Amino acid sequence: QKEVEQNSGPLSVPEGAIASLNCTYSDRVSQSFFWYRQYSGKSPELIMSIYSNGDKEDGRFTAQLNKASQYVSLLIRDSQPSDSATYLCAVIKRGGSQGNLIFGKGTKLSVKP
Amino acid sequence: EADIYQTPRYLVIGTGKKITLECSQTMGHDKMYWYQQDPGMELHLIHYSYGVNSTEKGDLSSESTVSRIRTEHFPLTLESARPSHTSQYLCASSPDGHYGYTFGSGTRLTVV
């Protein structure tokens, strides 16, 4: 079982819709969770971090964390074509790795005008 | 505004050449990382450092080496480049993993 799993997509949504991106992780001791956006040919850019159960909102983005289910998600409201990118889920596992980020493979999002 | 800088941005080099990819950050971060990423593929950690004179190999075996003589500088060296080294190399830093990483713009390396 991979440590961080994401559906690779592509996920296609119409402009103005809500895009829902999901991620599961395997290690219960994970403490910190991140969403990165990566445009084609560019480097990853941190867009959200979440550390406790529940929702965290920042503009059109909402991160949701459920530690009991080992599940973290990212909602993008009013999706725009400029949101088309690959979204990477990343998790920090405390312990042997001393806090290195573990990245998922990413979900490719396509927002159609 | 990027506080972590990678040079060169693009590099085309012949097989057998020695190359050094530069990475510098002005944020005073102790932790620095090198990732390798092929187009459309996942990130692979190849090296990391938790501070000066501290370097470790990552999850993906790599023929490259790194050094950390100064906090702000974390160069990656390939002693003899091969076509299989063709990839994008991303440098990142963090004050503490709790806050996530900041990535540089990357170096796209092509070995011919």
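Residues numbered from 1 in each chain as written. Chains lettered and ligands numbered in written order. Predicted model: local features only at pLDDT ≥ 70, side-chain atom pairs only at ≥ 80, totals over all residues. Heavy atoms only, no water.

Considering the overall build of chain B
Inclusion rule: Helix and strand labels come from DSSP, where a helix needs a run of H or I of at least four residues and a strand needs a run of E of at least two; each type is numbered from the N terminus. What the globule rule says is 2.2 Å times the number of residues to the power 0.38, and the radius of gyration is computed from C-alpha atoms. The rule is simple: take the accessible area with a 1.4 Å probe, protein chains only, and divide by the maximum for that residue type; under 20% is buried, over 50% is exposed, in between is partly exposed. Any pair of residues with heavy atoms lying within 4.5 Å of one another is described as a contacting pair. What sets the accessible areas is the Shrake-Rupley method with a 1.4 Å probe; for residues, cover comes only from the shown protein chains. Asp and Glu count as negative and Lys and Arg as positive, but His and the ends of the chain are not part of the count. For the purpose of locating charges, the reference atoms are NZ of Lys, CZ of Arg, CG of Asp and CD of Glu.
For chain B, the count of helices and strands is zero helices and 11 strands. In sequence order, chain B lays out its α and β elements as β-β-β-β-β-β-β-β-β-β-β. Against the 2.2 N^0.38 benchmark of 13 Å for 112 residues, chain B shows a C-alpha radius of gyration of 13 Å, consistent with a compact globule. Dimensions along the principal axes, computed over C-alpha positions, put chain B at roughly 40 × 30 × 25 Å. Among the 112 residues that make up chain B, the fraction classed as buried is 46%. Sequence-distant contacts in chain B: of pairs separated by 6 or more residues, those separated by 24 or more amount to 52%. When the accessible surface of chain B is totalled, it reaches about 5,400 Å², and 51% of it is carbon and sulfur. Side-chain charges in chain B split into 9 positive and 12 negative, and the spacing between the mean points of these groups amounts to 8 Å.

Points about the interface of chain A and chain B
Note: interface size is frequently given as the accessible area lost on complex formation between the parts. How we decide: Here the quantity called buried area is the accessible surface, traced with a 1.4 Å probe, that two parts lose on coming together, added over both. Whenever Lys or Arg places a side-chain nitrogen within 4 Å of a carboxyl oxygen from Asp or Glu, that contact is recorded as a salt bridge. Contacts described as polar in this section are N or O atom pairs within 3.5 Å, which, within protein, must combine one atom able to donate a hydrogen with one able to accept it, while residues neighboring in sequence count only if both atoms come from side chains. In this count, Pro and Cys sit with the nonpolar residues alongside Ala, Val, Leu, Ile, Met, Phe, Trp and Tyr, while Asp, Glu, Lys and Arg are called charged and the others, Gly among them, polar.
Every contact between the two is made by 21 residues of chain A and, on the other side, 22 residues of chain B. Both faces considered, chain A and chain B share a buried interface measuring about 1,600 Å² in area, 46% of it formed by carbon and sulfur atoms. Among the residues of chain A in contact with chain B, S43(A), N100(A) and F103(A) are the three that bury the most area, contributing 27% of the side total. For E42(B), the salt bridge identified is with K105(A), shortest N-O distance 3.9 Å. Summed over the shared surface of chain A and chain B, the number is five residue pairs in polar contact (both at pLDDT 80 or more). Looking at the side of chain A that touches chain B, the elements with two or more residues in it are β4 (30–38), β9 (85–93) and β10 (101–103) of chain A. Split by residue class, the side of chain A that touches chain B holds nine nonpolar, eight polar and four charged.

Considering the sheet that holds strand β1 (residues 4–7) of chain B
Residue and element names in this part refer to chain B. Rules: Strand pairing is assigned whenever DSSP detects at least two bridges linking the two strands.
The strand order across the open sheet built from four strands is β1-β3-β8-β7, with neighbouring strands paired in antiparallel fashion. Two strands in the sheet have a free side with no partner beyond their single neighbour: β1 and β7 (65–66). Here β1 runs beside strand β3 (residues 19–25); their pairing, made up of four bridges, is antiparallel. Each residue of the ladder has a partner; that of Y5, found in β3, is S24.

As for the state of the cysteines
The condition that has to hold: A pair of sulfur atoms, both from cysteines and within 2.5 Å, is called a disulfide here.
What the rule picks out here adds up to two disulfides over all chains. Across a sulfur-sulfur distance of 2.1 Å, C23(A) and C89(A) are joined as a disulfide pair. Between C23(A) and C89(A), the S-S torsion sits near -75°, and that sign places the bridge as left-handed. Of this pair, C23(A) sits in strand β3 (residues 19–25) while C89(A) sits in strand β9, and the two are 66 residues apart along the sequence. For C89(A), a relative accessible area of 0% gives the class buried. For C23(B), the disulfide goes to C91(B), at an S-S distance of 1.9 Å.

Observations regarding the nonpolar core
Counted only if it meets this: By nonpolar core we mean a set of buried residues, namely Ala, Val, Leu, Ile, Met, Phe, Trp, Tyr and Cys, connected to one another through side-chain atoms within 4.5 Å.
If you look at the biggest cluster of nonpolar residues, it comprises 24 residues, and the most contacted ones within it are W35(A), V72(A), L74(A), I76(A) and Y87(A). Residue assignment for this core shows that the elements contributing at least two residues are β3, β4, β5 (45–50), β7 (61–66), β8 (71–76), β9 and β11 (107–112) of chain A. W34(B), V66(B), L76(B) and V111(B) belong to the second-largest nonpolar core, a separate cluster that totals 17 residues.

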